[in-house]
Structure formats: C-alpha cells, structure tokens
Amino acid sequence: MAAARRAGDWRRTHTCGELRPAHVGQTVTLNGWVHKRRDHGGIYFVDLRDRYGLTQVVLGAQFSEALKLSGEDVIGVTGTVVVRDASNVNKERETGAIEVVAESLAILSKAKTPPIDVAASELPAVDTRLKYRYLDLRRPALQKNLIHRARLISAMRAAFERESFVEVETPVLTKATPEGARDYLVPSRVHPGSFFALPQSPQIFKQLLMVAGMDKYFQVARCFRDEDLRADRQPDFTQLDMEMSFVEEEDVFAVWERVLAATFREAMGIELVTPFPRLRHAEALERYGSDKPDVRFGLELVDVAAWAKKTEFKVFLGALERGGRVLGLNAGNVAFSRKEIEEGLNAVAALGGAKGLAWWKADAGGGTGSLARFAAGPLAGELMQLLSAKSGDLCLFVADAQSVARKSLNEVRLHLRAKLNLVDPKHYAFTWVTHFPLFTYDEDAKRWFSEHHPFTAPEDWALGGPGADPGQLMSRSYDLVMNGWELGSGSIRIHRSEVQERVFEILGIGPEERQEKFGFLLEALSYGAPPHGGFALGLDRTAALTAGLDNIRDVIAFPKTASAADLMCQAPSPVRPENLAEVHIQLAGQALTRAAKGAAAAADLTPK
Ligand code: ASP
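Residues numbered from 1 in each chain as written. Predicted model: local features only at pLDDT ≥ 70, side-chain atom pairs only at ≥ 80, totals over all residues. Heavy atoms only, no water.

Before going further, it helps to examine the overall build of the protein chain. Helices and strands together make up the secondary structure of the protein chain, namely 16 helices and 21 strands. Taking the principal axes of its C-alpha atoms as reference, the protein chain extends roughly 90 × 70 × 55 Å. Residue burial in the protein chain is summarised as follows: out of 608 residues, 48% are buried. Surface exposure of the protein chain reaches about 30400 Å², of which carbon and sulfur atoms provide 53%. Each charge class in the protein chain can be summarised by its mean position, and for the 74 positive and 78 negative side chains these summaries are 5 Å apart. (Helix = DSSP H or I, 4+ residues; strand = E, 2+ residues; numbered from the N terminus. Buried < 20%, exposed > 50% of the residue type's maximum accessible area, 1.4 Å probe, protein only. Areas by Shrake-Rupley, 256 points an atom, 1.4 Å probe, with all protein chains shown as cover. Lys, Arg positive; Asp, Glu negative; His and termini not counted. Charge placed at Lys NZ, Arg CZ, Asp CG, Glu CD.)

Rendered as structure tokens:
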C-alpha cells in the first residue's frame, strides 16, 4: 500500500512520460526540468521534462511563481490529470492526450540561462557540448543513446552468463600489455621510479584466468590506449572482452554468433542471420580491396591484368611492368556526367593514393570514356564479359601498386555505396575475416611486428622454426566486421611457453626484456596452460553503429576531444609540485613551463 502523502510533498508520484487518459481525474505530482514555457495571458503552459518524456502542465493565474520560472528550473508540481480537447491533442507525444492542471508548485532549484538550449533542435558547437556535457546529456537524443548502450551491455551480459561465462574484473593499475599503442603510465608513490601502465586490454590477465582454470571469462572492460585520435577513437574505451579454453576458432565464432543474435533480438528486436560468413583476409582484399569489407552490396573488384596486356594502354602496361595491378569495378548503369566521373570520382580514388581513374561506359561497339580507344574490336566484348557489364554500365579502373589500386577502388566502392543508396542502413551484415599474416615487416624500423598481438598462435608452427621466413607464417587471429567497420578482433592464443619465446625472439624482444616484461606469463604457460582463444568487441563502436551514429562520442557519457582532453573537468591538468614530489617526478623543459602556466591560471581561479 502506498504511504499517505503529507501536504506539500514535492516528490513525484509519476514520471513525465507516464500519464495517459486512464489517469484522468487523479491527483499526481511530477518532478522535472522546465523545458518550454508559454504565457497565454495569465495562464502558463509548462512542458515539464524528465528522462521519461514531456508532460504539459497548466498553471492558472493564481500562480505568480510561474512568472519567475526560467527554462531548466527544477520544479515539483501537484495537480489533477485532465483530458485535452480533441483539437489540442499532441499526437507527437505519448502524454499528448492529457495535461496536468496545477494545484501547487515547488521551485526545487533555479537555473541560470544555460549555455546549451536543451529545447532547441539545432546543436551547439562541439566544444560547448563537451564542456557542459551534463547539459548536453539532458537532450533526449543523447539520453536515448546511453539507454541503448546500457541495453546492449545488459543483453550481452545475460547472453554470456547463459553460456556459462563468468564475469571477472582485471586490474586497471597493471603492467604494460601490448596491443600496438602507447601506454598511459601512472607513477608509483611507494615504489620510487616505478610506474603502472593502464591496460591497453585485459589480454594477459584473461589468458592467466585460462591458466587458472576459469574456462570461460568475460568482462565489460575499460581499455586505455595513448594513440593519435581519429574520429572513432577515444583514449579510454570499452570492450566486451572474453576468453575460453579448449577451443578452436569455430567455437569462439559460434559463441559470439549466439551472443550477438540474442543481443540484437533483445535490445533491438532485430533477427540476425547466423552463422556469419567467413572470409579469408587475402580474399577480402582481393574482392573488396579492404580487410573490413561491407558485404551488403556487390561492386567487387576484378583483376583485368590479362585483358590489359592485350591493349596498348601504356598506363596499364606500365603498372603491370612495375609489378603492380590493374583492377576494375562495374558500378552499373549509373547516370554520372563526365565531370562527375573525371573530377568527382577521380578525387575519391585519389584518397587511396591513385594518380588516376580510368573509366569506360561499356558497349560492345567500343563504348565511351578514357578507356574507349583501347577497347576497340573484340577487346570491348572481352572486357564486358570480365566485368559482367551490360551495355551502358560504368566501369572504373585503377592501375597502380597493389595496395594503392585496392585502397583506391575501395574508396570508390564506399563512395558509390552512399551515392547510389546501395545499402539499407538497418541491415546488419557481419563477416568473420580470418587467416591474417602473423607478422608484418616494417621497412623503416627494420623489424617484424605482430599483425594482431604477440600472444596470437601461428597457423602452422612447423614453419616457424629457426631460419624460417616469419613472413610466411599465417596467424590464427580473426576480425569481426559489420557493414564495413571492424567491430573487434581476437585469436587462438599461444599456450606453450617455447612457442611464445620464439615469437618474442622474432619480434626482436631479447631474453632479458622478455623476462622483465612477460616473465610471469612465460612462467604461467610452463605450469600447464590449456589451449585457449578469445575475442574483444568494441562496445562503443557497436553501440554507435547500431544507434545509426558514425561517432562513438555520442554513446559515451563523458567523452574526450580529438586531442584526448576532457573539456568539462579540464583533464589532463598540471598538478602541484608537492604532488609531483610525492610520486618522485620532476618536470623538465617544456613540461615545466606549461605546468607553471597552468599553476598560475589555477591560482587566478582560486576564490579569494
Ligand atoms: N585483446 C583482444 C583480443 O585478442 C584484441 C584487442 O584488444 O583488440 O582478444
């Protein structure tokens, strides 16, 4: 039974999204923010807002306090629910059939004019949004994003639990775990001169949990990577991280297919088609020019080298002589002007490094376009057959080094996806990309790097012996790609210490460094480690893409700027010399000057 309410109790009985015609006649109390106000000659209409919605409140002439209300004031209103006249029903709003006629009003908190107009449809500048994030977050669109994110996490957590995975938290203050970025370091006060690293991922810990016999682990894990930011990166971000024992690739894929199918069903009401297709890395590059292909549409790349050799087109022949490729794609029967092709599409191809884009409007009679004079006679028909082109189809070609030709046509393909409306944004197409190389050689650094990370198992270890070419080794890593975005990656891991030692050796990590950095892992592997593998899904990106957003910032409550700063709490910030001394740090040069300036600015802000 509900407790009796004392007179003047301002605490809500309902939310601002809850009242319907069924509540008509009830006395209710609502709490919320003043969204919009209208003065109709002594009668005030207030749209009251909370996370659940908006309710129209009517304040009669007796409410002189209503005159003092400003946008974003926090109030409590008690009143009676009344039905609106048919002509006043707001069909856009779930509470639009009723309004609350106020009997008492409590102003709980006054608001200054806020730098963000929550009720306005146009967005303020990004910096303002980040500085006043708590105001930006009042906007229903952002609240919806956070709720969407929470639903995804909740559904994934439930799905992993159904699969007998155990959620385990791993440390944030730890030792460096390489994932290819710089570490964020935290100085130790009690161990002068020593530093913790924030985890780039829980990789080593989750492997140790497998050595420990936990069998199936997952975690909603915060990861930290100090790298130059791109639009879809944040220095701290969240992964749905997992690991499992006694498995091969297909077992990891099957778990994720079940987890994602359940998540999409429960959180979004979307049925995914499983199993997801598998695509070898080499095939992805050959067919799409990208290792994260959008497989929702065709326009696949075609090798036209054999055809090019029969022509006299010097550009094509020259590229082939230099060991390059001549690749093409058939864009279909599209109505592009010459200018759109020669300027527009050319500029798109240039994004991938191409110096030019040859084009051909296919026709057995020779067609038109920059390639037409080389496609005379039977060559025209041959090229049409090669590209499955019908008369009038626009075919585009790049002749260059393999990586440039692929990258450039990938750019063109993705450009055409948007331009020609080739995909349904609500269609989620997943693909596992497999069989990556284990190592890649960096010509500048003159050394091998792990394509995934150093704990990834090779496909055929017999090829990894002394004297073998590391470039030949295939990896047991895999990526999950959705609609052209990499959502996450993982691998079957090395579970034998001698193999792990050899991989470190190939990577140029000497015995001493190995012991210092990874001695504990190598030792753990020597006490009976099960074969194991896992995967980590980028949660921010998954949440953003499924909310129809292209920036992860909008699904993160308190994100950082492109230069890794928090504009709201002004982090990072200089610290007082005494705090630095405590952690045994002395600043040098530029940092010292900046810190002094920071300290002076902070001193100015200190209340006198
Ligand atoms: N640590 C991950 C894994 O292989 C990969 C990543 O963090 O990107 O499971």
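After presenting the structure, the write-up continues.
A word on the layout of surface pockets. Quantified by volume, the second largest pocket comes out at close to 950 Å³. Lining the second largest pocket are 31 residues, with Leu414, Arg417, Asn483, Gly484 and Trp485 positioned closest to its centre. Broken down by element, the lining of the second largest pocket gets its largest block of residues, eight residues, from helix H11 (residues 402–419). Of the residues in the lining of the second largest pocket, the class split is 12 nonpolar, 10 polar and nine charged. (1 Å grid on protein atoms, 1.4 Å probe; cavity = no way out; pocket = protein on both sides within 12 Å on 5 of 7 lines; lining within 4 Å. Points joined across faces, edges and corners; volume = space filled by probe spheres on them. Nonpolar A, V, L, I, M, F, W, Y, C, P; charged D, E, K, R; others polar.)

The next subject is the packing of helix H3 (residues 140–162) against helix H14 (residues 539–546). Each packed pair of helices is defined by two parameters, the angle between the axes and the distance between the axes. Look at H3 against H14: their axes get within 10 Å of each other, and the N-to-C directions meet at 120°. It follows that H3 is oblique to H14 by the angle criterion. The chirality of how H3 crosses H14 is right-handed. Contacts between H3 and H14 pair His148, Arg149, Leu152, Ile153 and Met156 from the former with Leu539, Asp540, Thr542, Ala543 and Thr546 from the latter. Residue composition of the contact of H3 with H14, grouped by class: five nonpolar, three polar and two charged. (Axes fitted to C-alpha atoms, helices over the stretch in contact; angles between N-to-C directions. Parallel < 35°, antiparallel > 145°, perpendicular 65-115°, else oblique. Left-handed = near helix turned anticlockwise from the far one by under 90°. Contact = heavy atoms within 4.5 Å.)

Read from one edge to the other, the open sheet built from four strands follows the order E12-E13-E15-E14, with strand pairing classed as antiparallel. Both edges of this open sheet fall to strand E12 (302–303) and strand E14 (358–361), since each of them pairs with a single strand only. Two elements, E14 and strand E15 (residues 394–400), share four bridges in a ladder whose sense is antiparallel. Residue Trp360 lies in a different strand from E15, and its bridge partner there is Cys395. Where helix H9 (residues 338–350) meets the sheet, it contacts E14 and E15, and its direction lies at approximately 30° from that of E15. Seen against the sheet, helix H10 (residues 378–386) touches E12, E14 and E15 and runs at an angle of roughly 100° to E14. (Pairing = 2+ DSSP bridges.)

Taken together, 13 residues surround the ligand, and among them Glu179, Gln203, Lys206, Arg225 and Arg493 come closest. At 3.0 Å from an oxygen atom of the ligand is found a side-chain nitrogen or oxygen belonging to Gln239. Between the ligand and His453, the relevant distance is 3.0 Å, taken from an oxygen atom to a side-chain nitrogen or oxygen of the residue. Protein contacts shield 94% of the accessible area of the ligand, which totals 270 Å² for the unbound molecule. Those elements that place two or more of their residues in the shell around the ligand are helix H4 (203–211), strand E20 (485–492) and strand E21 (532–538). Taken together, the residues of the shell around the ligand break down into two nonpolar, seven polar and four charged. (Near = heavy atom within 4 Å. Polar contact = N/O pair within 3.5 Å; in protein donor to acceptor, adjacent residues only side chain to side chain.)

A word on H10. Among all positions of H10, only Leu379, Ala380, Leu383 and Met384 are buried. Looking straight down H10, one finds that the buried residues subtend no more than 135° of arc, so they occupy a single side. The exposed residues of H10 that point more than 90 degrees off its buried face are Pro378 and Gln385. Those residues of H10 hidden inside the fold are in contact with helix H7 (305–308), E14 and E15. Once H10 finishes, Ser388 follows within two positions and takes phi at roughly 50°, a positive value. (Arc of directions from axis to C-beta.)

Once that is clear, we can look at the packing of H4 against helix H13 (residues 511–525). At a minimum axis separation of 10 Å, H4 and H13 run at an interaxial angle of 25°. Taken together, the axes of H4 and H13 lie roughly parallel to each other. You can see that H4 and H13 cross each other, and the crossing is left-handed. Facing H4, whose interface residues are Ile204, Leu208 and Val211, H13 presents Phe518, Phe520, Leu521, Ala524 and Leu525. By residue class, the composition of the contact of H4 with H13 is eight nonpolar, no polar and no charged.

Pairing within the open sheet is mixed, and its eight strands lie in the order E6-E9-E10-E21-E20-E19-E16-E11. Looking at strand neighbours, the two that pair on one side only are strand E6 (166–167) and strand E11 (278–280), the edges of this open sheet. Summarising the sheet, strand E9 (residues 216–224) and strand E10 (residues 236–245) pair through nine bridges and their orientation is antiparallel. Bridge pairing in E10 places Lys216 opposite Met244. Together, E6, E9, E10 and E21 form the strand contacts of H3, whose direction differs from that of E9 by roughly 150°. On top of the sheet, helix H5 (residues 249–268) reaches E10, E11, strand E16 (430–434), strand E19 (477–482), E20 and E21; it is set at about 130° to E10, its chief contact.

Below, the discussion takes up the pattern of salt bridges. Under the criterion given, the structure shown has 42 salt bridges. For Arg233, the salt bridge is made with Glu227, and the minimal N-O distance between the two is 3.1 Å. Residue Glu227 is classed as partly exposed on the basis of its relative accessible area, which comes to 23%. The shortest N-O distance in the salt bridge between Arg476 and Glu248 comes to 4.0 Å. Of this pair, Arg476 sits in the loop between strand E18 (447–450) and E19 while Glu248 sits in the loop between E10 and H5, placing them 228 residues apart in sequence. On the basis of relative accessibility, which here comes to 18%, the residue Arg476 falls in the buried class. (Salt bridge = Lys/Arg side-chain N within 4 Å of Asp/Glu carboxyl O.)

Take it as geometry only, folks, not as evidence of what the structure does.
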